[in-house]
Amino acid sequence: MTETLVFGRNGQLGQSMAACSHHYPELQLKFASRNECDFTDLDSILRIIDNEEPDAIVNTAAYTAVDLAETNSDIAKLVNCEAVRTIALAAAKRSLPVVHISTDYVFDGQGAFPYRETDKVGPLGIYGQTKLAGEIALSSVTDAHLIFRTAWGYSPYGDNFLKTIMRLLSTKNEIAVVDDQTGCPTSFLDLAAAILNILPAITRPGFDKFGTYHLCSDAPMTWYQFSMKIQAEASRILGDSWSGTECKIKPVTSESFQQPASRPVNSVMATDKFKACFGFGLPAFRQSLITTLTKLSEGQDHA
Ligand SMILES: NC(=O)c1ccc[n+]([C@@H]2O[C@H](COP(=O)([O-])OP(=O)(O)OC[C@H]3O[C@@H](n4cnc5c(N)ncnc54)[C@H](OP(=O)(O)O)[C@@H]3O)[C@@H](O)[C@H]2O)c1
């Protein structure tokens, strides 16, 4: 039985891990919410690790508000970097492996290729900068880490692009969606299952695959293209009675959508390293999209 302390109970990924966990009876997961352990109070991290005495740690918690981070940089740095360093130090003291989630926003988006793990980083905003600082803090303290850089997460849980588009499609006649940023929309149910799949192995002596990996879908597209695919599949699943089928989706440039934080134009990441090391990749994009939309249509829509 691998006892794992998961930071981040109510986030998209935390809830996705909880939803998938019944497929992994050999894992015992203890989820810690912000109420139980607030990353702005670094001592609370040490206390919970001391109390739980886990075999492994998964950190899904982060300051994820990309635009707000521009004005709340101190909190973003504390949560995304200093808290991660604290986890790393406590884990190293106890020889615990740490799985940590990072982001495609560590890249500046100017590369015209799928980014590899070895490619130059250059975050454009505070969120990406603090996430990169968290990666560096973790990897410089302990070798026993897996950093999974993911992208464009969607799930039945929390706030995400897919749920926003579904709501807008059902309530508007026309919506405008950015068509000049390309990334890989990733089901966090898939990401959760991949993490849970790997967890038992990382606590075994001799595990030699620690490091940084890109772990996202292999389906590059723009936000506009993603919204079109959401509409097409949702129309098929929900049928004629769904009002969202009629909504017109208009492609627009990022310039017409002024946001405080700059986003990378191209944050497509190559996942070959993960597949080669672990022997599997995330499921095909379309099937994952259908799975999430089906769960939403069955009323599995959670805050
Ligand atoms: N969503 C994306 O599109 C995306 C893309 C690339 C990378 N990522 C990365 O993937 C990971 C998971 O993202 P997500 O979408 O699941 O995030 P999310 O839905 O925004 O949830 C954020 C999580 O962080 C926790 N948290 C925030 N502030 C905290 C604090 N001060 N103390 C303790 N916990 C705190 C929240 O706690 P509660 O459980 O108490 O609410 C929640 O569990 C993050 O590392 C994120 O950077 C996400």
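Going by the structure above, here's the rest.
Now for a quick tour of the structure. Nothing here was measured: the structure is a model prediction, and the numbers come from that model.

Let us now look at helix H6 (residues 188-202). In an α-helix, one full turn covers 3.6 residues, which means residues spaced three or four apart are oriented alike. Taking 1.5 Å of rise per residue, 15 residues should cover 21 Å, and H6 covers 20 Å from first to last C-alpha, within 8% of that figure. Of all 15 residues making up H6, 12 are buried, and the element is well covered by its neighbours. One side-chain oxygen of the residue at the start of H6 lies 3.2 Å from the amide nitrogen of Leu189, identifying that residue as Ser187.

Inspection of the secondary structure puts Tyr127 in helix H4 (residues 126-141). The buried category is assigned to Tyr127, whose relative accessible area is 11%. Considered as a pair, Tyr127 and Tyr157 are 30 residues apart in the sequence and their alpha carbons are 21 Å apart.

Moving on, we come to helix H3 (residues 73-94). Between its first and last C-alpha, H3 extends 31 Å over 22 residues, near the 32 Å set by a 1.5 Å rise per residue. Val79 marks the point of greatest bend in H3, at about 30°. Those residues of H3 that sit buried are Ala76, Val79, Asn80, Cys81, Ala83, Val84, Thr86, Ile87, Ala88, Ala90 and Ala91. As for H3, its buried residues are in contact with strand E1 (2-7), helix H2 (42-52), strand E3 (56-59), strand E4 (98-103) and H4. Backbone geometry just after H3 places Ser95 at a positive phi near 55°.

To continue, consider the pairing of strand E2 (residues 27-32). Where E1 meets E2, six bridges bridge the pair, whose relative direction is parallel. Bridge pairing in E2 places Glu3 opposite Gln28.

Right, let's talk about the pattern of salt bridges for a bit. Under the counting rule described, the total for this entry stands at 13 salt bridges. Linking Arg85 and Glu82 is a salt bridge whose minimum nitrogen-to-oxygen distance equals 3.1 Å. Residue Arg85 and its partner Glu82 are both found in helix H3; the two are separated by three residues, about one turn of the helix. Looking at Arg85, the relative accessible area reads 30%, which means it is partly exposed. The partner of Lys275 in a salt bridge is Asp218, with the nearest N and O atoms 2.6 Å apart. In this pair, Lys275 is assigned in helix H8 (residues 272-278) and Asp218 in the loop between strand E10 (211-214) and strand E11 (221-222), connecting sequence segments 57 residues apart. Shared partners join several salt bridges into a network, and the residues in it are Arg9, Lys30 and Glu36.

What counts, and where the lines are drawn
- Residues numbered from 1 in each chain as written.
- Predicted model: local features only at pLDDT ≥ 70, side-chain atom pairs only at ≥ 80, totals over all residues.
- Heavy atoms only, no water.
- Helix = DSSP H or I, 4+ residues; strand = E, 2+ residues; numbered from the N terminus.
- Expected span 1.5 Å × (residues − 1).
- Buried < 20%, exposed > 50% of the residue type's maximum accessible area, 1.4 Å probe, protein only.
- Polar contact = N/O pair within 3.5 Å; in protein donor to acceptor, adjacent residues only side chain to side chain.
- Bend = angle between axes of the 7 residues up to and from the residue.
- Contact = heavy atoms within 4.5 Å.
- Pairing = 2+ DSSP bridges.
- Salt bridge = Lys/Arg side-chain N within 4 Å of Asp/Glu carboxyl O.

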